[in-house]
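Understanding the architecture of this molecule
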Amino acid sequence: MPSRQLPRTDQERLTALQTAKAKVDSLPAGGSVLSADVLTRLAALSPQFQTEVGEAGTALAGQTAATTAEDTQEGRTRMWASHYYQTLFLAINRGVIPASARAFYQLDVSQESLPDMTTEANLVLWAGRVSSGESARVAAGGTALPFPTAAEVNAELTLYITRRATQSTNRDAYDIQLADVAAPRPTADLLIRDIW
């Protein structure tokens, strides 16, 4: 005995609605087996659902691009901040800068390992301390570190924060679009059941 499985995804729902609409449109006037009520509901819902699914796809593409840009910049920011602290620690090891200078960056003065920058929060924290620590150390008579400079690390951090905010905005837009697609989903399921 033949059976049909109702669509499980929004794309399958959209295909079912579009197929039904195309079939109805290809029949001569009065040749449809669907009731006038079903035809009216199909004519109203099909373009609306297509628009919502399309907008969700566009929002997902925007979120994906923003996530890629954020991830790339996160890696760059981590690298620049890590290189800065490595340069600082190497200068301390060579005796060019006193070990007490670590305190300007809110590090323990005897700390030998780089600060933990594995999480986003820690990355923002420690990359941000590069600028404030360098400023305080130079104001106390120290020499600015040249490779990389605190300004370069700060520029990477600023770009990362900007890209993180953009990604968050795009994620919120995608969530809104998903909700917009979910709203007519039960109506679409009922309509497809009625058509079949």
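Residues numbered from 1 in each chain as written. Predicted model: local features only at pLDDT ≥ 70, side-chain atom pairs only at ≥ 80, totals over all residues. Heavy atoms only, no water.

1. Quick look at the overall build of the protein
This is how it is decided: Helical segments are the DSSP runs of H or I of at least four residues, strand segments are the runs of E of at least two, and each set is numbered from the N terminus. Note that the radius of gyration is over C-alpha atoms, with the globule rule given as 2.2 Å times the number of residues to the power 0.38. Exposed residues in this analysis have more than 50% of their type's maximum accessible area, buried residues have under 20%, and partly exposed residues fall in between, with area computed by a 1.4 Å probe over protein chains only. Two residues form a contact once any of their heavy atoms are found within 4.5 Å. Throughout, the Shrake-Rupley method with a 1.4 Å probe supplies accessible areas, and for residues the shown protein chains are the sole cover considered. Only four residue types enter the tally: Lys and Arg on the positive side, Asp and Glu on the negative side, with His and both chain ends excluded. In this description, the location of a charge corresponds to atom NZ of lysine, CZ of arginine, CG of aspartate or CD of glutamate.
Counting secondary structure elements, the protein contains five helices and zero strands. Secondary structure elements of the protein, listed N to C terminal, follow the sequence α-α-α-α-α. At 29 Å, the protein has a C-alpha radius of gyration far larger than the 16 Å of a compact globule built from 196 residues. With the C-alpha coordinates of the protein rotated into their principal frame, the extents come out at 90 × 30 × 20 Å. Within the span of the protein, comprising 196 residues, buried residues form 32% of the whole. Partitioning the intrachain contacts of the protein with sequence separation of at least 6 by distance along the chain shows that 73% fall at a separation of at least 24. Surface summary for the protein: the accessible area is close to 11000 Å², and the carbon and sulfur share equals 59%. Within the protein, one finds 17 positive and 21 negative side-chain charges whose respective centroids are separated by 3 Å.

2. Overview of the pattern of salt bridges
We apply this condition: For salt bridges, the criterion is a side-chain nitrogen of Lys or Arg within 4 Å of an Asp or Glu carboxyl oxygen.
For the coordinates displayed, the defined rule picks out 12 salt bridges. Connected through salt bridges with shared partners, the residues Asp-10, Arg-13, Arg-185 and Asp-189 form a single ionic network.

3. Things to note about the packing of helix α2 (residues 36–94) against helix α5 (residues 185–195)
Helix-helix packing: each pair is described by the crossing angle between the helix axes and the interaxial distance. The condition is simple: Helix axes use the C-alpha atoms of the stretch in contact, all axes being lines fitted to C-alpha atoms, and the angles between their N-to-C directions lie in the range 0 to 180 degrees. Each angle gets one of four labels, with under 35 degrees taken as roughly parallel, over 145 as roughly antiparallel, 65 to 115 as roughly perpendicular, and the rest as oblique. By convention, the crossing between two helices is left-handed when the near helix turns anticlockwise from the far helix through less than a right angle, and right-handed when the turn is clockwise. Following the grouping adopted for this structure description, the nonpolar residues are Ala, Val, Leu, Ile, Met, Phe, Trp, Tyr, Cys and Pro, the charged ones are Asp, Glu, Lys and Arg, and the polar ones are all others, Gly among them.
Running from N to C, α2 and α5 cross one another at 135 degrees; their axes reach a closest spacing of 10 Å. Compared by their axis directions, α2 and α5 come out oblique. At the point where α2 passes α5, the crossing takes the left-handed sense. Packed against α2, whose contacting residues are Val-38, Arg-41, Leu-42, Leu-45 and Phe-49, the element α5 presents Arg-185, Thr-187, Ala-188, Leu-190, Leu-191, Asp-194 and Ile-195 at the interface. The residue inventory of the contact of α2 with α5, partitioned by class, reads eight nonpolar, one polar and three charged.

4. Observations concerning the packing of aromatic side chains
As a reminder of what qualifies: Note on ring pairs: Phe, Tyr and Trp rings are taken, using the six-membered ring of Trp, and paired if centres are within 6.5 Å. Classes follow the plane angle, with under 30 degrees stacked, over 60 edge-to-face and the rest tilted. Look at NZ for Lys and CZ for Arg. If either is within 6 Å of the ring centre and within 35 degrees of the ring normal, a charge sits over the ring.
Evaluation of the coordinates by the stated rule reveals four aromatic pairs. Seen in terms of ring centroids, Tyr-84 and Tyr-105 are 5.9 Å apart; in terms of plane orientation they differ by 55 degrees. Their pairing is tilted. Residue Tyr-84 is found in helix α2, and its partner Tyr-105 is found in the loop between α2 and α3 (120–139); the two are separated by 21 residues along the sequence. Residue Tyr-105 is classed as buried on the basis of its relative accessible area, which comes to 0%. Through successive ring pairs, a cluster of aromatic residues spans Tyr-84, Tyr-85, Tyr-105 and Trp-126. Here the guanidinium or amino end of Arg-102 rests over the ring plane of Phe-89, the centre of that ring lying 4.8 Å away.

5. Overview of the layout of surface pockets
Here is the rule: Lining residues are defined by having an atom within 4 Å of a point belonging to a cavity or pocket. Those points lie on a 1 Å grid over the protein atoms alone, cavities being sets where a 1.4 Å probe fits but cannot get out and pockets being open sets with protein on both sides within 12 Å along at least five of seven lines. Grid points are joined across faces, edges and corners, and a volume is the space filled by probe spheres set on the points.
The computed volume of the largest pocket comes to approximately 280 Å³. In terms of lining residues, the largest pocket is bounded by Arg-4, Ala-16, Thr-19, Ala-20, Lys-23, Val-24, Leu-27, Ser-32, Val-33, Leu-34, Ile-195 and Trp-196. With five residues, the single largest contributor to the lining of the largest pocket is helix α1 (residues 10–26). Residues belonging to the lining of the largest pocket are distributed by class as follows: eight nonpolar, two polar and two charged. Approximately 210 Å³ is the volume attributed to the second largest pocket. Considering the residues around the second largest pocket, the lining is formed by 16 residues, among which Val-96, Ile-97, Arg-137, Gly-142 and Thr-143 are closest to the centre. With three residues, α2 is the largest single contributor of residues to the lining of the second largest pocket. Here the residues of the lining of the second largest pocket sort into 10 nonpolar, four polar and two charged.

6. Here's the deal with the nonpolar core
We apply this condition: The nonpolar core is taken to be a set of buried Ala, Val, Leu, Ile, Met, Phe, Trp, Tyr and Cys residues, with the residues joined through side-chain atoms within 4.5 Å.
Core analysis: the largest hydrophobic core is formed by 21 residues, its most contacted members being Tyr-85, Leu-88 and Ile-97. At the level of secondary structure, the elements contributing two or more residues to this core comprise α2, α3 and α4 (150–182). Looking at this core element by element, the count peaks at seven residues for α2. For Tyr-85, the contacting residues outside a window of four places in its chain are Tyr-105, Leu-107, Leu-114, Pro-115, Met-117, Trp-126, Arg-129 and Val-130.

7. What about unusual backbone geometry?
Going from Phe-147 to Pro-148, the amide bond is cis rather than trans, its omega being -5 degrees. Turning to its location among the elements, Pro-148 is positioned in the loop between α3 and α4.

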